[in-house]
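Report on the structure
Each chain, written out:
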Amino acid sequence: LYGGVPIVTRSDGDDMSSRVSTSANIVLGLEELNAYYGVEEYERVAIAMGRNETLYHNARSKLIFSCLQTDPMHPYWDVPRYVRNFQRGLEIAWDRYLDGDDDDGGDGSGKKKHIEIEEDEIAKKGTYEEDLARWNDENKKFMDAKKRKKNNSREEL
(Lines give C-alpha, C1' and ligand atoms only; values in the text may rest on other atoms or scores of the structure.)
Protein backbone atom coordinates (compact mmCIF):
# COMPACT_ATOMS: atom_id res chain seq x y z
CA LEU A 1 0.00 0.00 0.00
CA TYR A 2 2.77 2.44 0.89
CA GLY A 3 4.20 1.88 -2.59
CA GLY A 4 0.94 3.19 -4.07
CA VAL A 5 -0.39 -0.18 -5.23
CA PRO A 6 -4.11 -0.61 -4.51
CA ILE A 7 -5.13 -4.02 -3.09
CA VAL A 8 -8.29 -5.78 -4.19
CA THR A 9 -9.44 -7.79 -1.18
CA ARG A 10 -11.71 -10.76 -0.62
CA SER A 11 -13.65 -9.42 2.33
CA ASP A 12 -15.93 -12.41 2.81
CA GLY A 13 -13.51 -14.45 4.91
CA ASP A 14 -12.72 -14.74 8.58
CA ASP A 15 -8.97 -15.04 8.15
CA MET A 16 -6.65 -12.39 9.52
CA SER A 17 -5.32 -11.18 6.16
CA SER A 18 -8.85 -10.62 4.90
CA ARG A 19 -9.82 -8.58 7.95
CA VAL A 20 -6.62 -6.52 7.92
CA SER A 21 -6.72 -5.58 4.24
CA THR A 22 -10.49 -4.95 4.37
CA SER A 23 -9.98 -2.56 7.29
CA ALA A 24 -7.05 -0.87 5.54
CA ASN A 25 -9.11 -0.21 2.42
CA ILE A 26 -11.95 1.22 4.51
CA VAL A 27 -9.67 3.57 6.48
CA LEU A 28 -7.91 4.64 3.28
CA GLY A 29 -11.21 5.44 1.56
CA LEU A 30 -10.87 2.55 -0.91
CA GLU A 31 -13.81 0.43 0.18
CA GLU A 32 -14.76 -0.15 -3.47
CA LEU A 33 -11.77 -2.52 -3.60
CA ASN A 34 -13.34 -4.83 -1.00
CA ALA A 35 -15.20 -7.83 -2.43
CA TYR A 36 -17.73 -8.77 0.25
CA TYR A 37 -19.67 -11.38 -1.73
CA GLY A 38 -17.14 -13.99 -2.78
CA VAL A 39 -14.91 -14.99 -5.65
CA GLU A 40 -17.12 -13.64 -8.44
CA GLU A 41 -17.15 -10.13 -7.00
CA TYR A 42 -13.42 -10.33 -6.29
CA GLU A 43 -12.74 -11.23 -9.92
CA ARG A 44 -15.10 -8.52 -11.17
CA VAL A 45 -13.35 -5.83 -9.09
CA ALA A 46 -9.87 -7.06 -10.07
CA ILE A 47 -10.75 -7.17 -13.78
CA ALA A 48 -12.30 -3.70 -13.60
CA MET A 49 -9.13 -2.36 -11.96
CA GLY A 50 -7.02 -3.95 -14.69
CA ARG A 51 -9.15 -2.77 -17.60
CA ASN A 52 -10.32 0.64 -16.43
CA GLU A 53 -7.29 2.94 -16.28
CA THR A 54 -9.29 5.76 -14.70
CA LEU A 55 -10.54 3.52 -11.90
CA TYR A 56 -7.00 2.28 -11.22
CA HIS A 57 -5.45 5.76 -11.29
CA ASN A 58 -8.16 7.19 -9.02
CA ALA A 59 -7.53 4.46 -6.44
CA ARG A 60 -3.76 4.88 -6.77
CA SER A 61 -3.99 8.67 -6.44
CA LYS A 62 -6.14 8.37 -3.32
CA LEU A 63 -3.63 5.94 -1.85
CA ILE A 64 -0.58 8.09 -2.65
CA PHE A 65 -2.29 11.23 -1.35
CA SER A 66 -2.97 9.43 1.96
CA CYS A 67 0.73 8.53 2.24
CA LEU A 68 1.85 12.10 1.63
CA GLN A 69 -0.74 13.77 3.87
CA THR A 70 0.83 15.76 6.70
CA ASP A 71 -0.33 18.15 9.37
CA PRO A 72 -1.97 15.93 10.46
CA MET A 73 -0.82 12.60 9.10
CA HIS A 74 -3.49 10.32 7.62
CA PRO A 75 -4.73 8.06 10.46
CA TYR A 76 -3.68 4.89 8.62
CA TRP A 77 -0.03 6.00 8.38
CA ASP A 78 0.11 7.76 11.76
CA VAL A 79 2.43 5.29 13.53
CA PRO A 80 3.16 7.54 16.54
CA ARG A 81 -0.58 7.83 17.20
CA TYR A 82 -1.01 4.07 16.81
CA VAL A 83 1.86 3.41 19.22
CA ARG A 84 0.39 5.76 21.83
CA ASN A 85 -3.01 4.06 21.57
CA PHE A 86 -1.49 0.56 21.59
CA GLN A 87 0.61 1.44 24.63
CA ARG A 88 -2.48 2.76 26.39
CA GLY A 89 -4.28 -0.51 25.59
CA LEU A 90 -1.44 -2.53 27.08
CA GLU A 91 -1.55 -0.37 30.21
CA ILE A 92 -5.30 -0.96 30.55
CA ALA A 93 -4.85 -4.72 30.06
CA TRP A 94 -2.06 -4.80 32.66
CA ASP A 95 -4.11 -2.77 35.14
CA ARG A 96 -7.07 -5.13 34.65
CA TYR A 97 -4.81 -8.11 35.24
CA LEU A 98 -3.33 -6.62 38.42
CA ASP A 99 -6.83 -5.77 39.66
CA GLY A 100 -8.00 -9.33 38.96
CA ASP A 101 -10.45 -7.89 36.46
CA ASP A 102 -9.42 -9.97 33.45
CA ASP A 103 -12.54 -12.15 33.40
CA ASP A 104 -15.65 -12.08 31.24
CA GLY A 105 -17.24 -9.15 33.01
CA GLY A 106 -19.49 -11.40 35.09
CA ASP A 107 -21.80 -12.31 32.24
CA GLY A 108 -20.69 -15.96 32.22
CA SER A 109 -19.92 -15.90 28.52
CA GLY A 110 -16.26 -16.80 28.95
CA LYS A 111 -15.38 -14.06 26.47
CA LYS A 112 -12.78 -11.53 27.51
CA LYS A 113 -13.84 -7.90 27.70
CA HIS A 114 -12.70 -5.74 24.81
CA ILE A 115 -10.41 -2.83 25.46
CA GLU A 116 -11.54 0.38 23.84
CA ILE A 117 -9.21 3.34 23.65
CA GLU A 118 -10.86 6.73 23.75
CA GLU A 119 -8.52 9.43 22.55
CA ASP A 120 -8.55 12.87 24.07
CA GLU A 121 -9.12 15.88 21.83
CA ILE A 122 -5.39 16.44 21.27
CA ALA A 123 -4.77 12.84 20.19
CA LYS A 124 -7.80 12.89 17.88
CA LYS A 125 -6.18 15.72 15.94
CA GLY A 126 -3.40 13.34 14.85
CA THR A 127 0.35 13.75 14.44
CA TYR A 128 1.90 16.87 12.93
CA GLU A 129 5.37 17.55 11.54
CA GLU A 130 6.33 19.52 14.66
CA ASP A 131 5.43 16.49 16.81
CA LEU A 132 7.68 14.26 14.70
CA ALA A 133 10.56 16.73 14.94
CA ARG A 134 10.20 16.96 18.73
CA TRP A 135 10.00 13.16 19.12
CA ASN A 136 13.03 12.70 16.86
CA ASP A 137 15.01 15.13 19.03
CA GLU A 138 13.90 13.36 22.22
CA ASN A 139 14.76 9.96 20.74
CA LYS A 140 18.21 11.21 19.66
CA LYS A 141 18.91 12.46 23.20
CA PHE A 142 17.77 9.13 24.64
CA MET A 143 19.94 7.12 22.23
CA ASP A 144 22.97 9.37 22.88
CA ALA A 145 22.56 8.89 26.63
CA LYS A 146 22.28 5.14 26.13
CA LYS A 147 25.51 5.11 24.06
CA ARG A 148 27.34 7.17 26.71
CA LYS A 149 26.21 4.77 29.41
CA LYS A 150 27.34 1.78 27.36
CA ASN A 151 30.73 3.42 26.65
CA ASN A 152 31.20 4.28 30.33
CA SER A 153 30.44 0.66 31.28
CA ARG A 154 33.12 -0.54 28.84
CA GLU A 155 35.68 1.93 30.21
CA GLU A 156 35.09 0.65 33.74
CA LEU A 157 36.05 -2.87 32.64
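Before any of the text, the structure's been laid out above.
This text gives an overview of the structure that appears in the document. The shown structure was predicted, so the numbers you read here are calculated from the model rather than taken from an experiment.

A closer look at the overall build of the chain
Along its length, the chain carries 6 helices and 2 strands. The N-to-C order of helical and strand elements in the chain reads β-α-β-α-α-α-α-α. Relative to a compact globule of 157 residues, whose C-alpha radius of gyration would be 15 Å, the chain shows 22 Å and is clearly more extended. When burial is assessed residue by residue, the chain has 23% of its 157 residues classed as buried. Here the contacts in the chain between residues at least 6 apart in sequence split such that 60% fall between residues at least 24 apart. Just so you have it, the chain exposes about 11900 Å², and 54% of that area is on carbon and sulfur atoms. In the chain, 24 side chains carry a positive charge and 32 a negative one; their mean positions are 6 Å apart.

Some details on the pattern of salt bridges
Applying the stated criterion to the full structure yields 8 salt bridges. Close ionic contact of Arg10 with Asp12 constitutes a salt bridge, the shortest N to O distance being 2.9 Å. Its relative accessible area of 36% is what places Arg10 among the partly exposed residues. Connected through shared salt-bridge partners, Asp131, Arg134 and Glu138 make up one network.

Some details on the environment of Gly3
In this fold, Gly3 is placed in the segment before β1 (9–10). Accessibility expressed as a relative area gives 60% for Gly3, which makes it exposed. Separated by 15 residues in sequence, Gly3 and Ser18 have C-alpha atoms that sit 20 Å apart.

Considering the environment of Asp131
Mapping Asp131 onto the fold places it in helix α6 (residues 129–156). Take Asp131: its relative accessible area is 14%, and that puts it in the buried class. Taking C-alpha positions, Asp131 is 14 Å from Tyr82, a pair spaced 49 residues apart along the chain.

Comments concerning the nonpolar core
Core analysis: the biggest nonpolar cluster contains 10 residues, these being Val8, Leu28, Leu30, Leu33, Val45, Met49, Ala59, Leu63, Cys67 and Trp77. Elements represented by at least two residues in this core include exactly α2 (39–51) and α3 (53–68). Apart from residues lying up to four places away in sequence, Trp77 is in contact with Leu1, Tyr2, Leu28, Leu63, Ser66 and Cys67.

Notes on the packing of α2 against α3
For the pair α2 and α3, the least separation of the axes is 5 Å and the interaxial angle reads 95 degrees. In terms of orientation, α2 lies roughly perpendicular with respect to α3. Contacts from Ala48, Met49 and Arg51 of α2 reach α3 at Glu53, Leu55, Tyr56 and Ala59.

Here we look at the packing of aromatic side chains
For the structure shown, the criterion picks out 4 aromatic pairs. Note on Tyr2 and Trp77: the rings are 5.1 Å apart at their centroids and 65 degrees apart in plane angle, and the pair reads as edge-to-face. Pair noted here: Tyr2 is in the segment before β1 and Trp77 is in the loop between α3 and α4 (79–98), with a separation of 75 residues, a long-range link. Judged by relative accessible area, which is 61%, Tyr2 ranks as exposed. Residue Trp77 is classed as buried on the basis of its relative accessible area, which comes to 15%. Ring centres 4.7 Å apart and planes at 90 degrees place the aromatic pair Tyr76 and Trp77 in the edge-to-face group.

Here is what the cut-offs are and how they apply
- Residues numbered from 1 in each chain as written.
- Predicted model: local features only at pLDDT ≥ 70, side-chain atom pairs only at ≥ 80, totals over all residues.
- Heavy atoms only, no water.
- Helix = DSSP H or I, 4+ residues; strand = E, 2+ residues; numbered from the N terminus.
- Rg over C-alpha atoms; globule rule 2.2 N^0.38 Å.
- Buried < 20%, exposed > 50% of the residue type's maximum accessible area, 1.4 Å probe, protein only.
- Contact = heavy atoms within 4.5 Å.
- Areas by Shrake-Rupley, 256 points an atom, 1.4 Å probe, with all protein chains shown as cover.
- Lys, Arg positive; Asp, Glu negative; His and termini not counted.
- Charge placed at Lys NZ, Arg CZ, Asp CG, Glu CD.
- Salt bridge = Lys/Arg side-chain N within 4 Å of Asp/Glu carboxyl O.
- Core = buried A, V, L, I, M, F, W, Y, C linked by side-chain atoms within 4.5 Å.
- Axes fitted to C-alpha atoms, helices over the stretch in contact; angles between N-to-C directions.
- Parallel < 35°, antiparallel > 145°, perpendicular 65-115°, else oblique.
- Phe/Tyr/Trp six-rings, centres within 6.5 Å; stacked < 30°, edge-to-face > 60°.

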